[in-house]
Amino acid sequence: MKRTHIRATRLVATTAALGLALTCGTAEAAAGKPSKEPQGSLTQYTLSPGLLKITGGRTAGNPTQVHGVLGMPKGKGPHPVVVVMHGAHPNCVTAGKTDAVVRKPVKAAWPLVCAAPGKKEKVGPDYLRQDAGLSHVVEALTRKGFVAVSIDVVSPEIWWGGETDPGKGYTDLVDAHLRLLADLNKGVNHGLRIPGLKGRIDTSRVGMVGHSRGGGYVLSQKAAQRKGLFGAVAIEPAENVEKATHKVPVLNVRGACDEDTGPEAGLATVKGLARSGRTKVAADVLLAGTGHAMLNTNLAPTDKDGGVGGCKRAKVAKPAAARAQVAQLTAAFLEQALHKAGTYRLPAVKGLAPKGGNLRKGGPVIGFREARQETFTDPLRIRESVSKERLLPAIPKGLKVNKVPDDGI
């Protein structure tokens, strides 16, 4: 597979001998003036499974394989980092055998779970890479000059070995991927073949983005305590009971047709954050016609009849447009948060009619500008680099592994 390149100006996808060349529309910088969007690359990476400690259950830890989709902008840098986290979506299902998954999802051979259909002890290649399902968000962030990485956050969920605390599990996984990026910045590649990273990654500045359960984590106290955090975006968050304590700009994005967490997801939390006065930007935006699963390209975007949630087909946005709106909104918000903008101007893609603004009284005004819908690389065409090295401690020999998925996987 050829390397993916992202070029500035108008976005046109073409196949060529040197790879997939992309061009994208100009964007406005924090001050509201046009700025050139940097070129960059997308790479899926995979390292060998290791072990996460858990806070309860029957075994000593949760096995996890370190997956990610890394977006690198062009330019000397060093560039700030944004970590993107997916939610608790189906992970061990056979493609084409369930309405919850698209016909051609991004998959990986998972050595620990995901049994082949009808064969309880034979591991099948049907583990879904939900991190790749958010590659459009990574790509949009890369166009804004961020080193963006979508990570696999499955291990914090309920497994055969018990359940790790979601806050701790997500935190440990973010820490692991940031350590990887710090090493790549030093020229330590851990067996991954991703050229041109040394000296270009700044892990001292970190933004956080999460969808669904990932969005719930982004709004949590654990996330708010992240050293170097400059901004956070929660997309249709499935929340924990914690109240957000952020001191940095926060954006909550809701879908009017959200069939999972509902059209009010995260709203009460962001209102509370606005009242607390901890941050000058506690923003909330509602997107028309937007469902929950449609934002992850590995998941079936609508019901069979074209409806989703409480919306009939005629009221549902085109999934590609919804994904573009969320990706462009996220990238623009974090770019302006990084530069501590006095006024935010966020993109409004035709048909999504974003409504909302800053809920913090006296804080920076947030408005919208008409924006062209960008297009993004097919996740199935992103090149992959695989390493046999581990970032997490090795799985102990003799640890009993149940290869039969249960309802929590």
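Along each chain, residue indices are assigned from 1 in the same order as the chain's sequence is written. Per-residue local features are limited, in this predicted model, to residues with pLDDT of at least 70; the limit for side-chain atom pairs, both in listing and counting, is 80 or more; totals at the level of whole chains, interfaces and linings are taken over all residues. Only hydrogens and water are set aside when side-chain values are computed; all heavy atoms of the structure are taken into account.

Per an unreviewed UniProt entry, the protein goes by Alpha/beta hydrolase and derives from Streptomyces thioluteus.

Draft legend 1. Main features of empty space enclosed by the protein. For each structure, a 1 Å grid was placed over the protein atoms alone; sets of points admitting a 1.4 Å probe that cannot get out are labelled cavities, open sets with protein on both sides within 12 Å along at least five of seven lines are labelled pockets, and lining residues have an atom within 4 Å of a point. Grid points are joined across faces, edges and corners, and a volume is the space filled by probe spheres set on the points. Inspection of the entire model under this criterion finds 1 cavity of 30 Å³ or more. In this model, the largest cavity occupies a volume close to 30 Å³. Of the residues contributing to the lining of the largest cavity, the split by class is 5 nonpolar, 2 polar and no charged. Just so you know the grouping, Ala, Val, Leu, Ile, Met, Phe, Trp, Tyr, Cys and Pro go in nonpolar, Asp, Glu, Lys and Arg go in charged, and all remaining residues, Gly too, go in polar.

Draft legend 2. Local environment of a positive patch on the surface. On the surface, Lys243, Lys247, Lys271, Arg275 and Arg278 cluster together into a positively charged patch. Of note, Lys271 is situated in helix 5 (residues 267–276). Working definition: with a 1.4 Å probe on protein chains only, accessible area under 20% of the residue-type maximum means buried, over 50% means exposed, and in between means partly exposed. Lys271 gets classed as partly exposed once you look at its relative accessible area, which sits at 40%. Candidate patch residues must exceed 30% relative accessible area and have no salt bridge, after which like charges are joined if within 9 Å and Val, Leu, Ile, Met, Phe, Trp or Tyr side chains if within 5 Å. For the area figures, the Shrake-Rupley method with a 1.4 Å probe applies, and any residue is considered shielded solely by the protein chains shown. A pair is scored as a salt bridge if a Lys or Arg side-chain nitrogen falls within 4 Å of a carboxyl oxygen belonging to Asp or Glu. Note on charges: Lys and Arg go in the positive column, Asp and Glu in the negative column, and His and the chain ends are not counted at all. Charged groups are reduced to one reference atom each: NZ for lysine, CZ for arginine, CG for aspartic acid, CD for glutamic acid. Per the convention used, a helix needs a DSSP run of H or I reaching at least four residues, while a strand needs a run of E reaching at least two, with both numbered from the N terminus.

Draft legend 3. Up close: helix 5. Regarding helix 5, the residues found buried are Leu267, Thr269, Val270, Leu273 and Ala274. Looking straight down helix 5, one finds that the buried residues subtend no more than 165° of arc, so they occupy a single side. Away from its buried face, by an angle of more than 90 degrees, helix 5 presents the exposed residues Ala268 and Arg275. Think of it as the arc spanned by the lines of direction from the helix axis to the C-beta atoms.

Draft legend 4. Examining the nonpolar core more closely. Here, nonpolar core refers to any group of buried Ala, Val, Leu, Ile, Met, Phe, Trp, Tyr and Cys residues whose side-chain atoms link them within 4.5 Å. If you look at the biggest cluster of nonpolar residues, it comprises 47 residues, and the most contacted ones within it are Leu141, Phe333 and Leu334. Among the secondary structure elements, those contributing two or more residues to this core are strand 10 (79–85), helix 1 (135–143), strand 17 (229–235), strand 18 (250–255), strand 19 (282–287), helix 6 (319–338) and strand 20 (343–349). Of all the elements, helix 6 adds the most residues to this core, at 10 residues. We call two residues in contact when some of their heavy atoms are within 4.5 Å. When residues no more than four places from it in sequence are discounted, the contact partners of Leu141 are Val82, Val84, Phe146, Ala148, Thr330, Ala331 and Leu334.

Draft legend 5. The arrangement of the environment of Val106 in detail. With respect to the secondary-structure elements, Val106 resides in the loop between strand 10 and strand 11 (107–108). For Val106, a relative accessible area of 7% gives the class buried. Between the alpha carbons of Val106 and Pro379 there is a distance of 7.0 Å; along the sequence they are 273 residues apart. Apart from residues no more than four positions distant in its own chain, Val106 is found in contact with Gln44, Tyr127, Leu128, Arg129, Ala132, Asn298, Pro379 and Leu380.

Draft legend 6. View of the layout of surface pockets. Of the pockets and cavities examined, the largest pocket occupies roughly 400 Å³. Here the lining of the largest pocket is built from residues that sort into 10 nonpolar, 5 polar and 6 charged. For the second largest pocket, the calculated volume is near 280 Å³. The wall of the second largest pocket is formed by 18 residues, among which His136, Thr297, Ala320, Arg323 and Phe376 lie closest to the centre. Ranked by residue count, the leading element in the lining of the second largest pocket is helix 6, at 3 residues. Grouping the amino acids of the lining of the second largest pocket by side-chain chemistry returns 8 nonpolar, 7 polar and 3 charged.

Draft legend 7. A look at the pattern of salt bridges. Taken as a whole and judged by the stated rule, the model has 10 salt bridges. Across the pair Glu384 and Arg129 runs a salt bridge, and its minimum N-O distance is 3.3 Å. With Glu384 in strand 23 (residues 384–386) and Arg129 in the loop between strand 12 (127–128) and helix 1, the pair connects residues that are 255 residues apart, well separated along the chain. On the basis of relative accessible area, Glu384 is assigned to the partly exposed category, the value being 44%. Arg129 gets classed as buried once you look at its relative accessible area, which sits at 1%. The closest approach of N and O atoms between Arg205 and Asp202, which form a salt bridge, is 2.7 Å. Beyond isolated ion pairs, a larger network of salt bridges with shared partners links Arg129, Asp131 and Glu384.

Draft legend 8. Spotlight on unusual backbone geometry. Look at the link from Gly77 to Pro78: it is a cis peptide, with omega at 5°. The phi torsion at Lys340 lies on the positive side, around 50°, for a residue other than glycine. As for its placement among the helices and strands, Lys340 is situated in the loop between helix 6 and strand 20. Here Lys340 falls in the exposed class, since its relative accessible area comes to 74%. The backbone of Ala353 sits at a positive phi, close to 40°, despite the residue not being glycine. Inspection of the secondary structure puts Ala353 in the loop between strand 20 and strand 21 (355–358).

Draft legend 9. A negative patch on the surface, seen in detail. Taken together, Glu259, Asp260, Asp303 and Asp305 make up a surface patch of like negative charges. Of note, Glu259 is situated in the loop between strand 18 and helix 5.

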